[in-house]
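So the chains spell out like this:
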Amino acid sequence: MSSRSELVARDLRAVWHPFTQHAQWPADDPLVIDRGSGVYLYDTDGRRYLDGVSSLWVTVHGHGEPAINDAIRAQLDRLEHSTFLGLTHEPGIRLAEELLRVAPAGLSRVFFAGDGSSAAEAAIKMAYQAALQRGRDRPLYLHVAEGYHGDTLGAVSLGGVELFHATYRPLLIETRIVGSPGVLGVGQTRAERANEVLAEMRAVLSREGERVCAVVVEPMVQAAGGMLTHDASFLVGVRALCDESGAAMLVDEVATGVGATGTWFGVDHAGVVPDLMVVGKRLTGGALPLSAVLARESVYDAFLGTPLSGRTFFHGHTYTANPLSCAAALANLALMHERGTVARAGVVGERLGAALASAAAYDGVAEIRRLGTMTGIEVHPVGQRTGFEVCRAARRRGVLIRPLGDVVVLMPPLGISDSELDELARVVDASIREVVQ
Ligand SMILES: Cc1ncc(COP(=O)(O)O)c(C=O)c1O
């Protein structure tokens, strides 16, 4: 096998990485990951790292989970791919049924896509077209600051993270944006902030509600915005505003869904049923890309008509509902039921919170935010790349984590053991002390 230095040199000649400043990256000493097992990744020099962000929030049980790998292999021997446009297959049918079994009651249709962004994009178009086909042209979307729904242009239009999204503003669809329910004023509670943002939303909807086809939110945690948590009452309020105004409630569960917050979906914390729900990330347990939009029957009904009526949802991707991905997702969901993974994620979150409690008192730590396993530790900047420096200190101690600006993000695999979790917390604590204390 090629050496690490040789692979890095070849990478630097040929590859362009996502969310990576290439003028800086060579100096950041790139790691080359060779293999994974359980919660650990191993680099080409054989060094072991605990995967503290579950490979960008996807790994559920661990790397190389045998039951998922076996399911993929078995499916590979039967059917590796067949289009879902006008054809169907059993893994796709079964997965739709399984998703509806765990989704909030009232969601009744599953539309598959590939990545979180592509599912977000589908849901965005569905909301507009459904309204149009019910006789109302509603070209506006209402969304919140610090939101993130992916990097395709529709998803970017509904985003609110300045660093990622500002550049593309001239290209985007028209929206109305209100404040983030997770960014609190001084001395404000999350419930008070929820009410304040709901009032902003109500004002927009009373002016322009007739033109708004969807209100778009990440439920409970705005993940890429910096693990900003909000009160469940916010979602209850959004549901009520949608009911009053006739806008669809479109929730993006790509980060929160499939167990991460200690419930199957973020909206379960509020007991709210959206009209459209986007899922992705952990669906396949972290093995393969797959995402989906779950819709209410009333949305689906708006697309029914004759083949020439133009009411079809003219949208789809070549690898939509790829059978290997569906097989992986089915194996993942079966394991999650068998192992009680969702409840376990709640326990993991509590243990992580307790293990990090002393760090909350450090001068260098502004705030620790957490729901279930989704954790953000906001540090006070002591240089240009404080979050990055904390993550680098953790890497030296054998833990891989990734910052969002000055927020150090932890999102361990849901199946992490107590001792592995304690190792993660111990290393993060020591790394924070090294950099910001
Ligand atoms: C809430 C949310 N929506 C959408 C996406 C985009 O998903 P993907 O990167 O799979 O396109 C992400 C990715 O982090 C996300 O957190």
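In case you missed it, the structure is sitting above this.
Residues numbered from 1 in each chain as written. Predicted model: local features only at pLDDT ≥ 70, side-chain atom pairs only at ≥ 80, totals over all residues. Heavy atoms only, no water.

Student: Please clarify how the overall build of the protein chain should be interpreted in this entry.
Tutor: What the protein chain contains, in helices and strands, is 14 helices and 17 strands. For 437 residues, the compact-globule formula gives about 22 Å, and the C-alpha radius of gyration of the protein chain, at 22 Å, lands near that figure. When its C-alpha atoms are laid out on the principal axes, the protein chain stretches across 60 × 60 × 45 Å. Burial statistics for the protein chain: of 437 residues in total, 55% are counted as buried. (Helix = DSSP H or I, 4+ residues; strand = E, 2+ residues; numbered from the N terminus. Rg over C-alpha atoms; globule rule 2.2 N^0.38 Å. Buried < 20%, exposed > 50% of the residue type's maximum accessible area, 1.4 Å probe, protein only.)

Student: For this particular structure, what's the right way to read the packing of helix H3 (residues 66-78) against helix H11 (residues 323-339)?
Tutor: Each pair of packed helices gets described by two things: the angle between the helix axes and the distance between those axes. One way to put it is that H3 packs onto H11 with a least axis distance of 8 Å and a crossing angle of 145 degrees. For the crossing formed where H3 meets H11, the hand is right-handed. Seen from H3, the contacting residues are Ala67, Ile68, Ala71, Ile72, Gln75 and Leu76; seen from H11, they are Pro323, Leu324, Ala327, Ala328, Ala331, Asn332 and Leu335. Classifying every residue of the contact of H3 with H11 gives eleven nonpolar, two polar and no charged. (Axes fitted to C-alpha atoms, helices over the stretch in contact; angles between N-to-C directions. Left-handed = near helix turned anticlockwise from the far one by under 90°. Contact = heavy atoms within 4.5 Å. Nonpolar A, V, L, I, M, F, W, Y, C, P; charged D, E, K, R; others polar.)

Student: Explain the packing of aromatic side chains to me, please; I cannot follow it from the model alone.
Tutor: Centre distance and the angle of the planes are the two values used to describe a pair of aromatic rings. Using the criterion set out here, one finds five aromatic pairs in the structure. Centroid distance Phe111 to Phe313: 5.2 Å. Interplanar angle 70 degrees. Geometry classified as edge-to-face. With Phe111 in strand E4 (residues 107-113) and Phe313 in the loop between helix H10 (297-301) and H11, the pair connects residues that are 202 residues apart, well separated along the chain. On the basis of relative accessible area, Phe111 is assigned to the partly exposed category, the value being 22%. Grouped by ring-pair contacts, the aromatic residues Phe19, Tyr148 and Phe164 constitute a single cluster. Directly above the aromatic system of Tyr40 lies the positively charged group of Arg48, at a separation of 3.7 Å from the ring centroid. Cation over ring: Arg109 sits above Tyr300, and NZ or CZ is 3.8 Å from the ring centre. (Phe/Tyr/Trp six-rings, centres within 6.5 Å; stacked < 30°, edge-to-face > 60°. Lys NZ or Arg CZ within 6 Å of the ring centre and 35° of its normal.)

Student: Sorry if this is basic, but what is going on with the nonpolar core here?
Tutor: In globular proteins that are soluble, nonpolar side chains generally tend to be buried together. In terms of nonpolar packing, the biggest core is built from 93 residues, with Met201, Phe234 and Ile401 touching the most fellow members. Here the element with the most residues in this core is helix H14 (residues 418-436); it accounts for eight residues. In this structure, Ile401 is in contact with Gly52, Val53, Cys391, Ala394, Val408, Val409, Leu410, Leu424 and Val428, ignoring residues within four places of it in sequence. Within the second largest apolar cluster, 25 residues are counted, among which are Ala119, Met126, Leu250 and Val254. (Core = buried A, V, L, I, M, F, W, Y, C linked by side-chain atoms within 4.5 Å.)

Student: Just to check I follow, could you spell out helix H9 (residues 232-245) for this structure?
Tutor: Along an α-helix, a turn takes 3.6 residues, which lines up residues three or four apart on a common side. In this model H9 runs 20 Å from its N-terminal to its C-terminal C-alpha over 14 residues, within 8% of the 20 Å that 1.5 Å per residue would give. For H9, the complete set of buried residues consists of Phe234, Leu235, Gly237, Val238, Arg239, Leu241, Cys242 and Ser245. Elements in contact with the buried residues of H9: strand E5 (140-144), helix H8 (190-208), strand E7 (212-217), strand E10 (248-252) and strand E12 (291-296). (Expected span 1.5 Å × (residues − 1).)

Student: How do you make sense of the site of the ligand when you look at a structure like this?
Tutor: In the neighbourhood of the ligand, the contacting residues comprise Trp57, Asp115, Gly116, Ser117, Tyr148, His149, Gly150, Glu218, Asp252, Val254, Ala255 and Lys281. Between the ligand and Ser117 there is a distance of 2.5 Å, counted from an oxygen atom to a side-chain nitrogen or oxygen. Between the ligand and the protein, one listed contact pairs an oxygen atom with a side-chain N or O atom of Lys281 at 3.0 Å. Contact with the protein chains removes 84% of the 390 Å² of surface that the ligand exposes when unbound. Grouping the amino acids of the shell around the ligand by side-chain chemistry returns four nonpolar, four polar and four charged. (Near = heavy atom within 4 Å. Polar contact = N/O pair within 3.5 Å; in protein donor to acceptor, adjacent residues only side chain to side chain. Areas by Shrake-Rupley, 256 points an atom, 1.4 Å probe, with all protein chains shown as cover.)

Student: Got a minute to help me understand the pattern of salt bridges in this structure?
Tutor: Any two side chains of opposite charge can pair if their charged atoms end up close together. Counted under the stated rule, the structure contains 29 salt bridges. When the shortest N-O distance is used, the salt bridge between Asp418 and Arg344 registers 2.9 Å. Of the two residues, Asp418 sits in helix H14 while Arg344 sits in helix H12 (residues 341-356), which places them 74 residues apart along the sequence. Exposure remark for Asp418: the relative accessible area of 32% places this residue in the partly exposed category. A relative accessible area of 25% means that Arg344 is categorised as partly exposed. (Salt bridge = Lys/Arg side-chain N within 4 Å of Asp/Glu carboxyl O.)

Student: Looking at this structure, I do not really get the side chain of Glu121. What am I missing?
Tutor: Checked against the element boundaries, Glu121 lands in helix H5 (residues 116-133). At 7.2 Å, Lys125 is the nearest oppositely charged side chain to Glu121, a buried residue that forms no salt bridge. Setting aside chain neighbours within four positions, we find Glu121 in contact with Thr152, Leu153, Gly154, Ala155 and His315. (Lys, Arg positive; Asp, Glu negative; His and termini not counted.)

Student: What's the story with the sheet that holds E12 in this structure? I'm lost.
Tutor: Strand pairing within a sheet occurs via backbone hydrogen bonds; the two strands may be parallel or antiparallel. The sheet built from seven strands is open, its strands ordered E4-E12-E11-E10-E7-E5-E6 with mixed pairing. Each having just a single partner strand, E4 and strand E6 (175-178) make up the two edges of the open sheet. Ignoring strand direction, the axes of neighbouring strands in this sheet form an average angle of 20 degrees. In the sheet, E4 pairs with E12 via six bridges, with the strands oriented antiparallel. Along E12, the bridge assignment pairs Val110 with Leu294. (Pairing = 2+ DSSP bridges.)

Student: Which parts of the structure should I look at to understand the state of the cysteines?
Tutor: Note: disulfide means a covalent bond formed between the sulfur atoms of two cysteine side chains. Within the structure shown, the criterion is met by zero disulfides. Left without a disulfide partner, Cys213 is nearest to the cysteine sulfur of Cys242, which lies 10 Å away. (Disulfide = S-S within 2.5 Å.)

Student: Would you take a moment to explain unusual backbone geometry for this structure?
Tutor: Where the residue is not glycine, phi is negative for most of them; where a peptide bond is considered, it is trans in most cases. With phi around 50 degrees, Met227 is a residue other than glycine that occupies positive phi space. Structurally, Met227 is set in the loop between strand E8 (221-222) and strand E9 (228-229). Backbone geometry places Val258, a non-glycine residue, at a positive phi of 60 degrees. Counting through the fold element by element, Val258 comes out in the loop between E10 and strand E11 (276-279). A relative accessible area of 1% places Val258 in the buried class.

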